[in-house]
Every structure is written in structure tokens, then in C-alpha cells.
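Chain by chain, the residues run as shown.
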Amino acid sequence: MIKEPWPEKEARLRKLGFSDTDLAKARPRKKSKKAKAGHPSEYEEQKEFVKWIRKEHPEHKRRLLMIGNASHRGDLMRASMDKASGLMPGASDLFFRFSAGGFHGLWIEMKTVVGKLTPDETTFLREAAADGYYGVCCQGAAKAKAVFEGYLRGNHARSTTH
């Protein structure tokens with residue numbers, strides 16, 4: 001099988017109606033375990049946070065759900081199937097299905113300590129807040145742990161970045 005060069009593939013996908021966000025996710029890239037200059041990857045940060053929840057808050061471990069919105073980067077057929085079956089660009093990485101402090105639940109967008117939100121992620125968090133959820137971007141596992149503890153205590157502001 002001959003691989004189609006990315007510029008031609010990108011042009012073809014644009015004609016099919018794929019958005020800039022879809023194309024950015026599908027664009028081939030080098031795989032890396034480290035985000036930038038010695039910082040753990042987003043995956044490593046999220047993994048640490050989930051492990052901590054399971055250990056420190058076992059009563060909540062089945063309430064924390066991962067939203068698989070980036071699991072097929074580079075596989076356009078799978079990405080197309082995911083989109084058709086409900087994939088939402090910008091959907092947060094984790095959802096905690098537990099109401100606290102007047103919120104219906106907690107959406108967490110994990111980032112590296114130097115990571116930034118995309119426009120779709122910002123929109124998703126804004127819409128979640130408008131719907132009565134607490135939506136937050138956490139730069140690193142330490143921030144996510146602090147936000148989670150605050151959420152459980154009902155001690156949280158309506159800000160979307162931490």
C-alpha cells in the first residue's frame with residue numbers, strides 16, 4: 001500500500017468537510033513520551049492523577065471516566081467513524097460524575113504543566129459551565145489533585161484554568 005503524502009491527503013479531507021481541528025488531530029507527528037524539555041507528557045500527568053484517585057479516593061474510582069477523544073490520532077478512518085458516532089472535538093479528557101457545590105459534575109481537561117487549551121477545548125469548558133457543570137483545565141497532575149479535593153469540599157471558583 002502506498003501512503004498518500006500529507007498535503008494531498010489534507011486537501012482531499014478538506015473537500016470532504018473535515019474541520020481544521022480534525023485535520024490537526026489527524027496530521028502525522030512524531031511520537032514522544034515527553035512533552036517539552038523534560039516535562040511529563042499529558043498522558044503521564046493524567047495517568048498519575050487517575051492512579052492517585054484510585055488510591056486516595058477509592059469510593060470515587062468508578063465515578064471518574066476518561067473521554068477517549070484523542071485515541072486514534074493519525075488514523076483518519078477511525079477518526080471519521082468516531083466523529084460519526086459522537087466524538088466531540090474539544091471534549092475534556094476526564095469527567096467526574098458526582099455533584100458537589102451546586103455543580104452537576106466535574107469536567108477536567110488535562111494539560112502538561114506548559115500546555116494550553118485549544119479553541120475547541122475552551123468552548124467545551126465554557127458550554128459545560130453554562131450547563132451547570134464545573135469545567136476546568138489543569139496543567140499537571142498536582143493541579144488536578146488540588147482541584148479535585150476542592151471540588152469535593154465545595155471549595156471552588158467558577159474559573160476554568162488551574
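Attention here is on the structure that accompanies the text.

1. Some remarks on the overall build of the protein chain
Phase 1 of the analysis: Helices and strands together make up the secondary structure of the protein chain, namely six helices and four strands.
Phase 2 of the analysis: Of all intrachain contacts in the protein chain linking residues separated by at least 6 positions in sequence, the fraction that spans at least 24 positions is 68%.
Phase 3 of the analysis: With an accessible surface of roughly 10,200 Å², the protein chain has 55% of that area assigned to carbon and sulfur atoms.

2. Some thoughts on the packing of helix α3 (residues 42-56) against helix α6 (residues 141-153)
Phase 1 of the analysis: The interhelical angle for the contact between α3 and α6, taken along N-to-C directions, is 40°, at an axis separation of 8 Å. Handedness of the α3/α6 crossing: right-handed. Every residue of α6 that contacts α3 at Glu 45, Glu 48, Phe 49, Trp 52 and Ile 53 is listed here: Ala 141, Ala 144, Lys 145, Phe 148 and Glu 149.
Phase 2 of the analysis: Looking at the contact of α3 with α6, its residues break down into six nonpolar, no polar and four charged.

3. Considering the pairing of strand β4 (residues 134-139)
Phase 1 of the analysis: Across the six residues that make up β4, a large majority, five, are buried.
Phase 2 of the analysis: Inspection of the sheet shows strand β3 (residues 106-111) paired to β4 by six bridges, in the parallel sense. Residue pairing across strands places Leu 106 opposite Tyr 134, the latter belonging to β4.
Phase 3 of the analysis: Note on the crossover from β3 through helix α5 (residues 119-130) to β4: the handedness is right-handed.

4. Quick notes on the side chain of Glu 45
Phase 1 of the analysis: Within the secondary structure layout, Glu 45 lies in helix α3.
Phase 2 of the analysis: Non-local contacts of Glu 45, meaning those with residues more than four positions away in its chain, are made with Pro 40, Met 110, Lys 111, Thr 112, Val 113, Gly 140 and Ala 141.

5. Some words on α3
Phase 1 of the analysis: Look at α3: 21 Å from first C-alpha to last across 15 residues, which is about the 21 Å you get at 1.5 Å a residue.
Phase 2 of the analysis: The complete set of buried residues in α3 reads Glu 45, Gln 46, Phe 49, Val 50, Trp 52 and Ile 53. Projected down its long axis, α3 shows its buried positions confined to an angular sector of 155°, all on one face. More than 90 degrees from the buried face of α3, the exposed residues found are Tyr 43, Lys 51, Arg 54 and Lys 55.
Phase 3 of the analysis: Close packing links the buried residues of α3 with β1 (64-66), β2 (94-96), β3 and α6.

6. Considering the sheet that holds β3
Phase 1 of the analysis: Strand order in the open sheet formed by four strands is β1-β2-β3-β4, and the pairing between neighbours is mixed. Single-partner strands in this sheet number two, and they are β1 and β4. Within the sheet, the average angular offset between the axes of one strand and its neighbour, ignoring direction, is 25°.
Phase 2 of the analysis: Across three bridges, the pairing between β1 and β2 is antiparallel. Among the inter-strand pairings, Met 66 is bridged to a residue of β2, identified as Leu 94.
Phase 3 of the analysis: Against the sheet, α3 makes contact with β1, β2 and β3, and its axis sits at roughly 140° relative to β3, the strand it touches most.
Phase 4 of the analysis: Its contacts with the sheet put α6 on β2, β3 and β4, and the angle it makes with β4 is roughly 155°.

7. Remarks on the packing of aromatic side chains
Phase 1 of the analysis: In total, this model carries 11 aromatic pairs according to the counting rule given.
Phase 2 of the analysis: When the centroid spacing of 5.0 Å and the interplanar angle of 85° are considered together, the rings of Trp 107 and Phe 124 count as edge-to-face. With Trp 107 in strand β3 and Phe 124 in helix α5, this residue pair connects regions lying 17 residues apart in the sequence.
Phase 3 of the analysis: Of the residues examined, Phe 124 reaches a relative accessible area of 14% and is grouped as buried.
Phase 4 of the analysis: Three or more aromatic residues link up through ring pairs in this structure, and these residues are Phe 49, Trp 52, Phe 96, Phe 98, Phe 103, Tyr 134, Phe 148 and Tyr 151.

Analysis parameters
Residue positions are given per chain, counting from 1 as you read along its sequence in written order. In keeping with the model being predicted, local features are shown solely for residues with a pLDDT of at least 70 and side-chain atom pairs are shown and tallied solely at 80 or more, while totals for entire chains, interfaces and linings include all residues. To obtain the side-chain values, all non-hydrogen atoms of the structure were included, while hydrogens and water were left out. The numbering of helices and of strands both runs from the N terminus, where a helix is a DSSP run of H or I of at least 4 residues and a strand a run of E of at least 2. In this analysis, two residues are considered to be in contact whenever any of their non-hydrogen atoms come within 4.5 Å of each other. Shrake-Rupley sampling with a 1.4 Å probe provides the accessible areas, and residues are treated as covered by the protein chains on show and by no other component. Axis lines are fitted through C-alpha atoms, for helices just across the contact stretch, and the angle between N-to-C directions can take any value from 0 to 180 degrees. Crossing handedness is defined as follows: a turn of the near helix away from the far one that is anticlockwise and smaller than a right angle gives a left-handed crossing, while the clockwise case is right-handed. By the convention adopted, Pro, Cys, Tyr, Trp, Phe, Met, Ile, Leu, Val and Ala count as nonpolar, Lys, Arg, Asp and Glu as charged, and the other residues, Gly among them, as polar. With a 1.4 Å probe rolled over the protein chains alone, any residue whose accessible area is under 20% of its type maximum counts as buried; one over 50% counts as exposed, and the rest are partly exposed. Here, strands pair whenever DSSP counts at least two bridges between them. A right-handed crossover is one whose linking path, passing over the helix from the first strand to the second, runs clockwise when the strands point away from the viewer. The span expected for a helix works out to 1.5 Å for each residue beyond the first. An arc is given here, and it is the one of the directions from the helix axis to the C-beta atoms. Two aromatic rings from Phe, Tyr or Trp, using only the six-membered ring of Trp, form a pair when their centres are within 6.5 Å; if the ring planes differ by under 30 degrees the pair is stacked, by over 60 it is edge-to-face, and anything between is tilted.

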